[in-house]
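# Remarks on the overall topology
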Amino acid sequence: MHEIGIIANSFEIFEKSQKITKDYYDLVTIVLVQNYEECVQQAEIMETKGIRILISRGGHCVRMREANISLPIIEIPTFDNQLAYRMMQAKKKYGNFAAIGSEFFLKQVRDFEDVVETNISYFKVNKWEDFNQHVETAKCMGLHAIVGGYDASRFAQKAGLESFCTFTREEEIATAIDEALKMLKRMEKDKKQNQMLNTMLNSVHEGIVLLDNAGSVVNINKQAQEMFGVDCFNTLALFLKKYSINQKIRTVLDNGLPLENEFIETSNCKYTCSIIPVMNKNVVDYVVLVLHKIDYIQEMEYKIRRKLSSHGFVANWVFDDIIGVSYVIQEAVCKAKQYSITNSNILIVGESGTGKEMFAQSIHNTSFREKEAFVAVNCTTLPSNLLESELFGYVEGAFTGAKKGGKVGLFEMAHNGTIFLDEIGEMSLPTQARFLRVLEEREIMRLGDDKLIPVNVRVIAATNKNLRQMMKKGLFREDLFYRLDVLSLRLPSLRERKEDLPLLINCFIKKLFVEYSYSQIEIDPSGMDLLMEYEWPGNIRELKNVIERLVVMYQGQVVTYEKIMSIFSGILYDEEPEQSGILKDDGLLKCKEKELIEKILKECDGNKTETSKKLGISRPTLYKKLRAMEKS
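Computed from a predicted model, the values in this text were never measured in an experiment.

Further remarks concern the overall build of the protein. Helix and strand counts for the protein stand at 27 helices and 24 strands. Here the C-alpha atoms of the protein give a radius of gyration of 47 Å, more than 25% beyond the 26 Å that 2.2 N^0.38 yields for 632 residues. Judged by the C-alpha coordinates and their principal axes, the protein covers about 150 × 50 × 45 Å. By the burial criterion, 46% of the 632 residues in the protein qualify as buried. The long-range fraction of contacts in the protein, counting pairs at least 24 apart against all pairs at least 6 apart in sequence, stands at 63%. As presented, the protein carries roughly 33,000 Å² of accessible surface, and 51% of it is formed by carbon and sulfur atoms.

Here it is, written out as structure tokens:
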């Protein structure tokens, strides 16, 4: 593709240009012209054909620039030694002479005026007709010699004057071509940089507009064009004027200070607008407008919250997962469903293992926040100082060991969603105070920071402690309690809903079959009676553990009273009976255990090794139990 155009104003330049550019045949186009008008016409034709740089002699370059040819124009230089030589020839033969040409040519002549030491008459050429007029004027002045280029020489010869022409040499044409080749490389580099810049500008979701210090648009990205419509320049001007952005731009131009996140509301959209100055030697040359659509920010915030869900901040349980037909559990479910459609804080009270988090997740999944994050925090798992940094986050350098760049707190991650604080009674008083502020002000401050961050979070707290008694002892803040206990939900223990036991047991057996392909067991009436009589201090969590042990131990079998007792015995008294937390207050089960041991011992004719094997416990444990039975 031809990219360089040479416009020759003499056949001599045309021939020399052809000779020099023979190795650039596919790159250079050469045309011969007779006057300025023809030069401009050829320049316009070349521009339409994709030529990127023009080369010509002085006067023709001036005329093309005046005609607003938009391409870069390189002037073929006249080396000083040739010009000086022609001036000395004219002086030697005629004394005084006239110099006719472009402003650039006449400047070169003036540089040698003191060297030549003669009277020189200067005639500047602006248009083609000037040549004839200037030559005639010089002739009338009695001058006989003209120093100039090819065009001036032709007119001088027609008028009978001698011409001392500054001929164009091959090395001068080669110099112009070298400059054009270097310019092409720069243009290609600039083109790539502009493509990268435009790609970057158009890949962001913000509308970006570059204005000069007169307020005119220099550049605008695709997003800004879409914001302001097809006729973006006129629409943008109206937009800036209507919403008083012009005044803010002028303020930035005057003081050089940026304005950030100015809120703008139109009839159909809401924006934030930042105005950033581009400085040059303490003067604002340009300003950059950065516009965000509020609905896009909200959409991205929503996507971020959903992405957080993939990192575990998601609620999996729903009310249909809660098993039970008892009145107390149905009443709790009914009340929780009513709570779910509100935005009030909830305090769930219940013993360990009653399903407090299952209820919290179900409430979240039935609320209008169901598509947002559900963040669960157990207040017993972290020391007070770490709990505080996890809840509220921190900035870099907030404390020794703080992560570089800081950390986002769980309240921020739960923004627009639900945060579930389990075992709230374990929270220290200082952390309670900070937590209270979040509930009151709906904003958090990261550790080590001085900026407040607004958060929109629903709080569901849970405890297995009596918070009212803790308040009396000064262990729990009264104001925090009443902030949390807006809606109160008490979950019944398993002891209060014994009729749900068969359903729960059957559910756990089937779940183990589905998840691990364990063969299902069948519990006989005596075994079921034992499970129904047991008090279940660990509630559903303990029941699930016991059923899992039975399934693992007795896959595909009928589970009897004795087998369940062996499981309980192994749990309770193997090695360290006094540390058990399951049956140490259960006289009923201990009595049944005594009957079972005596029965098995009798069946084994007093053989303690066989008895311990049938019971599924070690011999030392059996001896301990027998000693305990003798004492009782």
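By the secondary structure assignment, Met187 is in helix α9 (residues 170-203). In sequence terms Met187 and Arg52 are 135 residues apart; their C-alpha atoms lie 9.2 Å from each other. Setting aside residues up to four positions removed in sequence, Met187 forms contacts with Arg52, Ile53 and Pro72.

Okay, the nonpolar core next. Ile523, Trp536, Leu543, Ile547 and Leu550 are the most contacted members of the largest nonpolar core, which totals 36 residues. Within the residue set of this core, elements represented by two or more residues are α21 (501-516), α22 (525-533), α23 (539-553), α24 (561-573), α25 (587-603) and α27 (619-631). Filtering out sequence-adjacent residues up to four positions away, Trp536 remains in contact with Leu494, Arg495, Lys498, Leu501, Leu531, Glu542, Leu543, Val546 and Phe568. Counting 33 residues, the second-largest nonpolar core is a separate cluster that includes Leu347, Leu439, Val455 and Phe481.

To continue, consider the packing of aromatic side chains. Scanning the entire structure with this criterion turns up 14 aromatic pairs. Where Phe411 meets Phe435, the ring centres are 5.9 Å apart and the plane angle is 40°; that geometry is what we call tilted. Taken together, the residues Phe411 in helix α17 (residues 410-413) and Phe435 in helix α18 (residues 429-441) connect sequence positions 24 residues apart. A relative accessible area of 0% places Phe435 in the buried class. Geometrically, the ring pair formed by Phe481 and Tyr482 is edge-to-face, given 5.1 Å between the ring centres and 80° between the ring planes. Looking at Tyr482, the relative accessible area reads 46%, which means it is partly exposed. Put simply, the rings of Tyr36, Trp128, Phe131 and Phe155 touch in pairs and so form one group of aromatic residues.

Further remarks concern empty space enclosed by the protein. This model, assessed by the stated rule, comprises one cavity of 30 Å³ or more. Counted as a void, the largest cavity has a volume near 210 Å³. As for the largest cavity, its lining consists of 22 residues, of which Arg57, Gly58, Gly59, Phe105 and Gly149 are closest to the centre.

A separate point is the layout of surface pockets. Within this model, the largest pocket holds a volume of roughly 780 Å³. If you trace the largest pocket, you find 29 residues lining it, with Trp317, Gly353, Gly355, Met358 and Ile540 closest to the centre. Elements supplying a minimum of two residues to the lining of the largest pocket: α15 (356-366), β15 (374-378), β18 (418-422), α21 and α23. By residue number, the principal contributor to the lining of the largest pocket is α15, which donates five residues. For the lining of the largest pocket, the class distribution of residues is 13 nonpolar, seven polar and nine charged.

Right, let's get into the sheet that holds strand β11 (residues 259-265). Taken in spatial order, the five strands of this open sheet run β10-β9-β13-β12-β11, and their pairing is antiparallel. A single partner strand is all that each edge strand has here, and the edge strands are β10 (217-220) and β11. Averaged over all adjacent pairs, the angle separating strand axes in this sheet is 25°, with direction ignored. In the sheet, strand β9 (residues 207-212) pairs with strand β13 (residues 283-293) via six bridges, with the strands oriented antiparallel. Bridge pairing in β13 links Gly207 to Leu291. Each of β9, β11, β12 (270-280) and β13 touches helix α12 (residues 245-255); the most contacted strand, β13, lies at about 140° to it.

Conventions we followed
- Throughout this description, residue numbers start from 1 for each chain and increase along the sequence as written.
- For a predicted model such as this one, the threshold for reporting local features is a pLDDT of at least 70, and the threshold for listing and counting side-chain atom pairs is 80 or more; totals across whole chains, interfaces and linings nevertheless cover every residue.
- Side-chain descriptors were evaluated using all non-hydrogen atoms of the structure, hydrogens and water having been removed beforehand.
- Runs of H or I in DSSP of at least four residues are treated as helices and runs of E of at least two as strands, each being numbered from the N terminus.
- All radius of gyration figures rest on C-alpha atoms, and the globule criterion is 2.2 Å times the number of residues raised to 0.38.
- Each residue's exposure class comes from its accessible area (1.4 Å probe, protein chains only) as a fraction of the maximum for that residue type: buried when under 20%, exposed when over 50%, partly exposed otherwise.
- The criterion used for residue contact is that any of the two residues' heavy atoms lie within 4.5 Å.
- Per-residue and other accessible areas follow the Shrake-Rupley method at a 1.4 Å probe size, with only the shown protein chains counted as cover for residues.
- For this analysis, a nonpolar core means a set of buried residues of the types Ala, Val, Leu, Ile, Met, Phe, Trp, Tyr and Cys, connected via side-chain atoms within 4.5 Å.
- Only rings of Phe, Tyr and Trp enter the pairing, Trp through its six-membered ring, and a pair is recorded when the two centres are within 6.5 Å. The plane angle decides the type: under 30 degrees is stacked, over 60 is edge-to-face, the rest tilted.
- Cavities and pockets were defined on a 1 Å grid built from protein atoms only: a cavity is a group of points that admits a 1.4 Å probe but offers it no way out, a pocket is an open group of points flanked by protein on both sides within 12 Å along at least five of seven lines, and a lining residue is one with an atom within 4 Å of any such point.
- Grid points are joined across faces, edges and corners, and a volume is the space filled by probe spheres set on the points.
- Residues are grouped as follows: nonpolar covers Ala, Val, Leu, Ile, Met, Phe, Trp, Tyr, Cys and Pro; charged covers Asp, Glu, Lys and Arg; every other residue, Gly included, is treated as polar.
- Pairs of strands are assigned from DSSP output, requiring at least two bridges between the strands.
- As a rule, the C-alpha atoms of each element are fitted with a line to give its axis, helices using only the stretch in contact, and angles between N-to-C directions run from 0 to 180 degrees.

These results come straight from atomic positions and should not be treated as a statement about function.
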